[in-house]
Amino acid sequence: MRSPFRILAVLASPRRGGNSEVLLNACLEEAVKMGAHVDTFFLNSMKFVPCQECPDITGDGRCKLKDEMQKIYPLMEQADAVILASPIFFGSVSAQAKMMIDRFQCQWLGIYMLKTYKNNKRKQGVFISVEGSDRKDFFENARSVVKNFFATVGASYKYELFCPGVDEKGAVQKHPECIKKARDIGRLLVENSREAG
Ligand SMILES: Cc1cc2nc3c(=O)[nH]c(=O)nc-3n(C[C@H](O)[C@H](O)[C@H](O)COP(=O)(O)O)c2cc1C
């Protein structure tokens, strides 16, 4: 029997039921309907510290800080897709998202500097983002951070969904085109994997 398509979903907004979460859930609902298994992390409620630039990293891609990031690392290795949903905060991803991303520095060093680590599994990457304004440069800025992150964890930058002009909680509900696109992405992720293999 085929093993289920595994999605690691990361919600990086501090606001539960906010715009990022609405879009993330729409995407995940569709993927689950298609048979996907989803592990979701709400970063804001997790206890972890920012990267400490440890001097004695082992090069095996593992971070030795013993906190809740240790829940994410193994699931990232196993995932067929990673979805990051972050609002734009001061022109970039949220602090919660950036803290998690920086904690993959152990892998970046292992891959690119020490050449002692390889991601065994390729995956699809999805970036979902919302902002109050309609500034393209903020999304572009966030995109470049997320592309770097995805490259480090072995994910292609497969889909992005940017919804500008949404500020209050729930404002994204007035953008059915964004919700539809989120659903489409959820379905396509699973369909792609079936076509590939
Ligand atoms: C700390 C903070 C910084 C923000 N910075 C920006 C910004 O630079 N540009 C922008 O367009 N909106 C900015 N916003 C607005 C949010 O992106 C917007 O309210 C978004 O819908 C929040 O998403 P959420 O409901 O998923 O948390 C900021 C909001 C907060 C709380």
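Above this text is the structure in question.
Since we're looking at a predicted model, the values are computed, not measured.

K.L.:
How should I be thinking about the sheet that holds strand S5 (residues 155-163) in this particular structure?
P.N.:
Sheet strands line up and pair through hydrogen bonds in the backbone, either parallel or antiparallel. One open sheet holds the five strands; their spatial order is S2-S1-S3-S4-S5, and the pairing between them is parallel. Where the open sheet ends on each side, the last strands, each with one partner, are strand S2 (37-42) and S5. Going from strand to strand, the sheet's axes swing by 15 degrees on average, the running direction of each strand aside. Strand direction decides the pairing type here: strand S1 (residues 6-11) and S2, joined by six bridges, are parallel. In the strand pairing of S2, Val 10 is matched with Phe 41.

K.L.:
What is the right way to look at the pairing of strand S3 (residues 81-87) in this model?
P.N.:
The two faces of a sheet get side chains in turn, since along a regular strand they alternate between them. Counted residue by residue, S3 has seven buried out of seven residues, so it is predominantly covered. Neither face of S3 is exposed, since Ala 81, Ile 83, Ala 85 and Pro 87 on one face and Val 82, Leu 84 and Ser 86 on the opposite face are all buried. Bridge count for S1 against S3 is five bridges, and the pairing is parallel. Paired with Val 10 across the bridge in S3 is Leu 84. Bridge count for S3 against strand S4 (residues 123-130) is seven bridges, and the pairing is parallel. Within S4, the residue paired with Leu 84 across the bridge is Phe 127.

K.L.:
Even after reading the chapter, I still don't get unusual backbone geometry, so can you show me in this structure?
P.N.:
Residues other than glycine predominantly adopt negative phi, and peptide bonds predominantly adopt the trans conformation. Of note in the backbone geometry, Glu 53 takes a positive phi value of approximately 50 degrees without being a glycine. Looking at where Glu 53 falls in the secondary structure, it is placed in the loop between S2 and helix H2 (69-78).

K.L.:
Even after reading the chapter, I still don't get helix H3 (residues 95-102), so can you show me in this structure?
P.N.:
For an α-helix, 3.6 residues make a turn, and residues three or four places apart therefore share a direction. When H3 is considered as a whole, its buried residues turn out to be Gln 96, Ala 97, Met 100 and Ile 101. Around the axis of H3, the buried residues are gathered within 130 degrees of arc, so they sit on the same side.

K.L.:
Would you take a moment to explain a nonpolar patch on the surface for this structure?
P.N.:
Together, Tyr 112, Met 113 and Leu 114 line one region of the surface with nonpolar side chains, adding up to about 300 Å² of accessible area. As for its position among the elements, Tyr 112 is in helix H4 (residues 105-113).

K.L.:
Looking at this structure, I do not really get the pattern of salt bridges. What am I missing?
P.N.:
When charged atoms on two side chains of opposite charge get close, those side chains can pair. Across all of its chains, the model carries 16 salt bridges by this definition. A salt bridge links Asp 39 to Arg 6; the shortest N-O distance between them is 3.4 Å. Of the two residues, Asp 39 is situated in strand S2 and Arg 6 in strand S1; the sequence distance between them amounts to 33 residues. For Arg 6, a relative accessible area of 24% corresponds to the partly exposed category. Across the pair Lys 64 and Asp 56 runs a salt bridge, and its minimum N-O distance is 2.5 Å. A residue is classified by how much of its surface remains accessible, and Lys 64, at 39% relative accessible area, is partly exposed. Here the residues in one salt-bridge network are Glu 29, Glu 30, Lys 33 and Arg 183, joined through shared partners.

K.L.:
Looking at this structure, how should I read the site of the ligand?
P.N.:
Around the ligand, the structure places 17 residues, and the nearest of them are Ser 13, Ser 20, Ser 133, Val 166 and Asp 167. Between the ligand and Ser 20, the relevant distance is 2.6 Å, taken from an oxygen atom to a side-chain nitrogen or oxygen of the residue. In this structure, a nitrogen atom belonging to the ligand sits 3.2 Å away from a main-chain N or O atom of Gly 132. Considering the ligand on its own, with 640 Å² of exposed area, one finds that the protein chains cover 77% of that surface. A per-class count over the shell around the ligand returns seven nonpolar, seven polar and three charged.

Definitions and limits used
- What you see as residue numbers is a count from 1 along each chain, following the sequence as written.
- Only residues with pLDDT of 70 or above have their local features reported here, since the model is predicted, and side-chain atom pairs are shown and tallied only from 80 upward, although totals for entire chains, interfaces and linings are computed over all residues.
- Note that water and hydrogens are dropped before the side-chain values are worked out from all heavy atoms of the structure.
- Note on pairing: two strands pair once DSSP finds at least 2 bridges between them.
- Each helix is a run of H or I in the DSSP string that is no shorter than four residues. Each strand is a run of E no shorter than two, and both are numbered from the N terminus.
- Only the stretch in contact is used when a helix axis is fitted, and all axes are lines through C-alpha atoms; the angle between N-to-C directions ranges over 0 to 180 degrees.
- Burial status follows relative accessibility: with a 1.4 Å probe on protein chains alone, a residue under 20% of its type maximum counts as buried, one over 50% as exposed, and anything between as partly exposed.
- In this description, one arc is meant: the one made by directions from the helix axis to the C-beta atoms.
- A patch is a set of surface residues, each over 30% in relative accessible area and not in a salt bridge, joined within 9 Å for like charges and within 5 Å for the nonpolar side chains Val, Leu, Ile, Met, Phe, Trp and Tyr.
- Computed by Shrake-Rupley with a 1.4 Å probe, the accessible areas treat only the displayed protein chains as cover when residues are assessed.
- For this document, the term salt bridge refers to a Lys or Arg side-chain nitrogen within 4 Å of an Asp or Glu carboxyl oxygen.
- A cutoff of 4 Å decides nearness: a residue is near a molecule or strand if any of its heavy atoms lies inside that distance of it.
- Two N or O atoms count as a polar contact when they lie within 3.5 Å, although within protein this holds only if one can serve as hydrogen donor and the other as acceptor, and sequence-adjacent residues are included solely when both atoms are side-chain atoms.
- In the scheme used here, Gly and all other residues not listed as nonpolar or charged are polar, with Ala, Val, Leu, Ile, Met, Phe, Trp, Tyr, Cys and Pro taken as nonpolar and Asp, Glu, Lys and Arg as charged.

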